[in-house]
Amino acid sequence: MLTEILIYGSVASAVYAMLAIGLSLMIGIARVMNLAHGTFYMLGAYGVFTGAVLLKLPLSAAFALSVSAVGCIAVALNRVCLRPLKGNLDAMLVMTLILALMFEEVIQLIFGPRPRPVPYFVEGRLLIFGVSVPDQRLLVVAVAAAVILGLWLFIARTRVGGAILAVAQDPEAAALMGVDSGRITLLIHFLAAFLAAAAGILVSPFLSTSPGMWLWPLVKAFTIVILGGLGSIWGSILAAVILGFSETIVSFAISSRLTELVALAILFLVIILRPSGLMGSRVGN
Amino acid sequence: MPIGQARTLRDHLPGLLGLGALLLLPAVVSDPYVWGILVMANLYAFLAAGFDILLGYAGLPVIGYGLFVGVGAYLAALLNLSLGLPPWLTIPLGGLGGALFGLLLGLSCLRLKGLYLALASFAAAAICEKVVIVFYDLTNGHEGLSGLDPISSYPLLDYYLSLLVMAAGTTALLMVVRSKVGLVLNSIKDNQEAAEAVGIDTTRYKLLAFVLASFLGGVGGGFLGHYTMHVGPNMFGLHIALTIIMIAIVGGLGTITGSIGASYLLIILNEALREVGEARLLIYTVITVVIMLALPKGVMPPLMNLLHRGLRLLRLRRRDNWEGGLRDASDT
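Residues numbered from 1 in each chain as written. Chains lettered and ligands numbered in written order. Predicted model: local features only at pLDDT ≥ 70, side-chain atom pairs only at ≥ 80, totals over all residues.

## A short note on the overall build of chain B
Condition: Secondary structure elements follow DSSP: runs of H or I of four or more residues count as helices, runs of E of two or more count as strands, with numbering from the N terminus. As a reference, a globule follows 2.2 Å times the number of residues to the power 0.38, and the radius of gyration itself is taken over C-alpha atoms. Residues are treated as contacting if the C-beta atoms built from their backbones sit within 7 Å of each other.
What chain B contains, in helices and strands, is 15 helices and two strands. What you see for chain B is a C-alpha radius of gyration of 20 Å, in line with the 20 Å of a compact globule of 332 residues. Considering only C-alpha atoms, chain B reaches an extent of 65 × 55 × 35 Å along its principal axes. Restricting to contacts in chain B with at least 6 residues of sequence separation, those with at least 24 account for 80%.

Laid out in structure tokens, this is it:
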């Protein structure tokens, strides 16, 4: 059982880390409290369902199409719906939540309310210390690690990444150095949606792809960002591991129906008792 | 509208006209099915007005407003089903239960605003929803409780009772926000530190906003439960809370009366589009997004402006001096 907890905990942590890092960038750099972040996850899953199952495209093409389409939707949403609110934080919160509900309804109209199955990307199982694990779940961990490493290299090693860090530190100083913060904001929207969509695609074969699937990943991503503390990718990864493993332990030890309660309890208690999280600072306001 | 200024009949005219129209509505429309829809319009107007106190006046985005609706509904249902108390007793008690939860949530979230308050209130509502499902013996889990006593056995009486509750609730709220309290809440929204610096006990006023809004939420939940004769865990959830929030936004935050207009507007629109298919939330969300972008103050303030202008053109031209101009400027 210990091995199982380790394996399934890692899978959950990997998915949560992808969601939370994107959200952390969105809040910290684009300064958008995005309650529609889970929507990108849901749209990614439906995108790969459309590409791979309905249009019968090769898997890699469906993946690439889905993440870029979701990235473009995020950029368009920022342009059309968020920019006119001119940084009014409460209006942004409500607007993004309403947009999330709107997308749920649109998807429900197109694909119906029932879950749509997505086939496994890789068949087969691997025996690890006597536990047979589907390759699909191992693929999640591998892809998540690769994507997060790639993102880190992009931010740490490229000029554009430097511009992102500059905007994160001080938007005005960055603007004086010639960084176009509007374009950085759009880039961040694209990257965050890309990460969330990739997470949604990876889990779509073993979690059901349904119109309401955006809500709990959203709650968990916010739990992680707040628990980890803003402005720290490592804080987010650490918090993702904490949440992923505590949920897995609770679901193995008590009941899998309580996992959502774990995230909710952590979220409520951290906000009330330690709003600055484990490492880092308070979000917004 | 400046606070403390003596009100003339003219200032109350739009409200009285509206109330008169709603009182006479059943004389025009004699279909009990339509009355049922109007009951829901009244209830959602009442609930949205309660939410308006939080976001529109005090600037508190309590996305978990469903917490109060759910608590009121379940308390009313349990009191009615197990103790046999009648609706006219269980609904106010449901309101008190909601207010208690509002006080508790307000106390634990006193230092929070913005994103943190939104998430904490959402988490509180979702935790209660899960707890309700877990305590299966008492609450019947996902199925919820059925067989509550109806409000009355006459559709027309239901309509008038819901209208009474809605009119009483919104009038009480209007009296509160047009007193000093409204000003103080607005000052907290604009700048809490500045409000504290001039000696305002912001804690007390924020808690007052929480208690008022959650009392309305509880009463609305109890009424809803008795009217539909069913309560379920989804009453705590995001869909009902967001419907309420959208009505408050479409009507115009910080107006109270806007919620009434928006509730009737959206519910009638929804019925008119029923043939297109059951896409109520899609219609609501699209309209709300468009309104937020095109009319950030909601539909009510521009409408009231037009109405005032029309009234002045009609026959009150004599009173159209600098004072009237000043009033209109503060209305917008």
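That was the structure; now back to the text.
## Thoughts on the overall build of chain A
Operational definition: For every residue, the other C-beta atoms within 10 Å of its own C-beta are counted; 20 or more classify it as buried, 12 or fewer as exposed, and values in between as partly exposed. C-beta atoms are placed from the backbone.
Helix and strand content of chain A: 11 helices and two strands. The linear arrangement of helices and strands in chain A, starting from the amino end, is α-α-α-α-β-β-α-α-α-α-α-α-α. Within the span of chain A, comprising 285 residues, buried residues form 49% of the whole. A fraction of 74% describes how many contacts in chain A between residues 6 or more apart in sequence connect residues 24 or more apart.

## Some details on the interface of chain B and chain A
The figure often quoted for interface size is the accessible area lost as the parts come together. Test applied: Residues are grouped as follows: Ala, Val, Leu, Ile, Met, Phe, Trp, Tyr, Cys and Pro are nonpolar; Asp, Glu, Lys and Arg are charged; every other residue, Gly included, is polar.
On the chain A side, the residues contacting the 31 residues of chain B number 30 residues. With 11 residues, helix H5 (residues 114-134) of chain B is the largest single contributor of residues to the side of chain B that touches chain A. Residues that form the side of chain B that touches chain A fall into these classes: 24 nonpolar, five polar and two charged.

## Focus on unusual backbone geometry
Peptide bonds are trans in most cases, and residues, glycine excluded, mostly fall at negative phi. All names here are of chain A. Located in the positive-phi region is Arg31, a residue other than glycine, with phi close to 55°. Inspection of the secondary structure puts Arg31 in the loop between helix H1 (2-30) and helix H2 (37-54). At Lys56, a position not held by glycine, the phi torsion is positive, near 55°. In this structure, Lys56 sits in the loop between H2 and helix H3 (59-82).

## Examining the nonpolar core
Which entries qualify depends on this criterion: By definition, a nonpolar core groups buried Ala, Val, Leu, Ile, Met, Phe, Trp, Tyr and Cys residues that are joined through C-beta atoms within 7 Å.
In terms of nonpolar packing, the biggest core is built from 197 residues, with Val15, Met18, Ala20, Ala197 and Leu267 of chain A together with Ile244 of chain B touching the most fellow members. Among the elements that line this core, the one with the most residues is H1 of chain A, at 17 residues. Aside from chain neighbours lying at most four places away, what touches Ala197 of chain A is Phe40, Tyr41, Leu43, Gly44, Gly47, Ser66, Val67 and Val70 of chain A.

## Section: the pairing of strand E2 (residues 131-134) of chain A
This is how the line gets drawn: For two strands to be treated as a pair, DSSP must find no fewer than two bridges joining them.
The pairing of strand E1 (residues 125-128) of chain A with E2 of chain A spans four bridges and is antiparallel. Residue pairing for E2 of chain A: Leu127 of chain A is matched across the bridge by Ser132 of chain A.

## Observations regarding helix H6 (residues 159-169) of chain A
Residue and element names in this part refer to chain A. Worth spelling out the cut-off: Read the arc as the range of directions from the helix axis to the C-beta atoms.
By the burial criterion, the buried members of H6 are Ala163, Ile164 and Val167. Burial along H6 is one-sided: seen end-on, the buried residues are contained in an arc of 100°. Exposed residues on H6 whose side chains face more than 90 degrees from its buried face are Arg159 and Gln169. Those residues of H6 that are buried are in contact with H1, helix H5 (135-157), helix H7 (171-176) and helix H8 (181-203).

## Notes on H3 of chain A
Here is the rule we go by: Given the number of residues in a helix, its expected span is that number minus one, multiplied by 1.5 Å.
If you check H3 of chain A, its first and last C-alpha atoms are 33 Å apart, about what 24 residues at 1.5 Å a residue would give, namely 34 Å. Of all the residues in H3 of chain A, the buried ones are Ala62, Phe63, Ser66, Val67, Val70, Gly71, Ile73, Ala74, Leu77, Asn78, Cys81 and Leu82 of chain A. Contact partners of the buried residues in H3 of chain A: H2, helix H4 (89-111) and H8 of chain A together with helix H13 (280-294) of chain B.

## Focus on the environment of Met26 of chain A
Residues and elements named next belong to chain A. Mapping Met26 onto the fold places it in helix H1. Residue classification places Met26 among the buried positions, given that 29 C-beta atoms sit within 10 Å. Sequence separation between Met26 and Ser60 is 34 residues, and the spatial gap between their C-alpha atoms is 27 Å. Excluding residues that lie within four positions of it along the chain, Met26 makes contacts with Val32, Asn34, His37, Ile188 and Ala192.

## Considerations on the packing of H5 of chain A against H8 of chain A
Residue and element names in this part refer to chain A. Stated precisely, the cut-off is as follows: Angular values range over 0 to 180 degrees, each being the angle between N-to-C directions of two axes fitted as lines to C-alpha atoms, with helices fitted over their stretch in contact. Note on angle classes: values under 35 degrees are labelled roughly parallel, values over 145 roughly antiparallel, values of 65 to 115 roughly perpendicular, and the remainder oblique.
Orientation of H5 relative to H8, taken along the N-to-C sense of each, is 170°, at an axis distance of 10 Å. Taken together, the axes of H5 and H8 lie roughly antiparallel to each other. Here Val140, Val143 and Val147 of H5 come into contact with H8, specifically with Leu195, Ala198, Leu202 and Val203. Residues of the contact of H5 with H8, tallied by class, amount to seven nonpolar, no polar and no charged.

## Brief notes about the environment of Leu238 of chain A
Of note, Leu238 of chain A is situated in helix H10 (residues 233-253). Looking at Leu238 of chain A, the number of C-beta atoms within 10 Å reads 20, which means it is buried.

## Here we look at the packing of H1 of chain A against H5 of chain A
All names here are of chain A. Heads up, the rule is: The hand of a helix crossing depends on one turn: near helix anticlockwise from the far one by less than a right angle means left-handed, and clockwise means right-handed.
Between H1 and H5, the least distance of the axes is 9 Å, while the angle of their chain directions is 35°. Between H1 and H5 lies a crossing whose hand is left-handed. Residue-level inspection shows Ser10, Val11, Ala14, Val15, Ala17, Met18 and Ile21 of H1 in contact with H5, the latter providing Arg137, Val140, Val141, Ala144, Ala145, Val147, Ile148 and Leu151. Considered class by class, the residues forming the contact of H1 with H5 number 13 nonpolar, one polar and one charged.

## Observations concerning the confidence of the model for chain B
Residue and element names in this part refer to chain B. To keep things clear, this is the line we draw: pLDDT is defined as a per-residue confidence score from the predictor, taking values between 0 and 100.
Per-residue confidence for chain B gives a mean pLDDT of 84, with 90% of residues at or over 70. Considering only residues more than four positions removed or in separate chains, one finds that residues 320-332, a stretch of pLDDT under 50, has 14 contacts. Both scores are available for the predicted complex, with the pTM at 0.87 and the ipTM at 0.87.

## Digging into the environment of Lys206 of chain B
All names here are of chain B. Among the secondary structure elements, Lys206 is positioned in helix H10 (residues 202-228). Residue Lys206 is classed as buried on the basis of its C-beta count, with 24 C-beta atoms lying within 10 Å. Residues Lys206 and Ala58, 148 residues apart in the sequence, show an inter-C-alpha distance of 7.0 Å. Excluding residues within four positions of it along the chain, Lys206 makes contact with Ala58, Gly106, Leu110 and Ile188.

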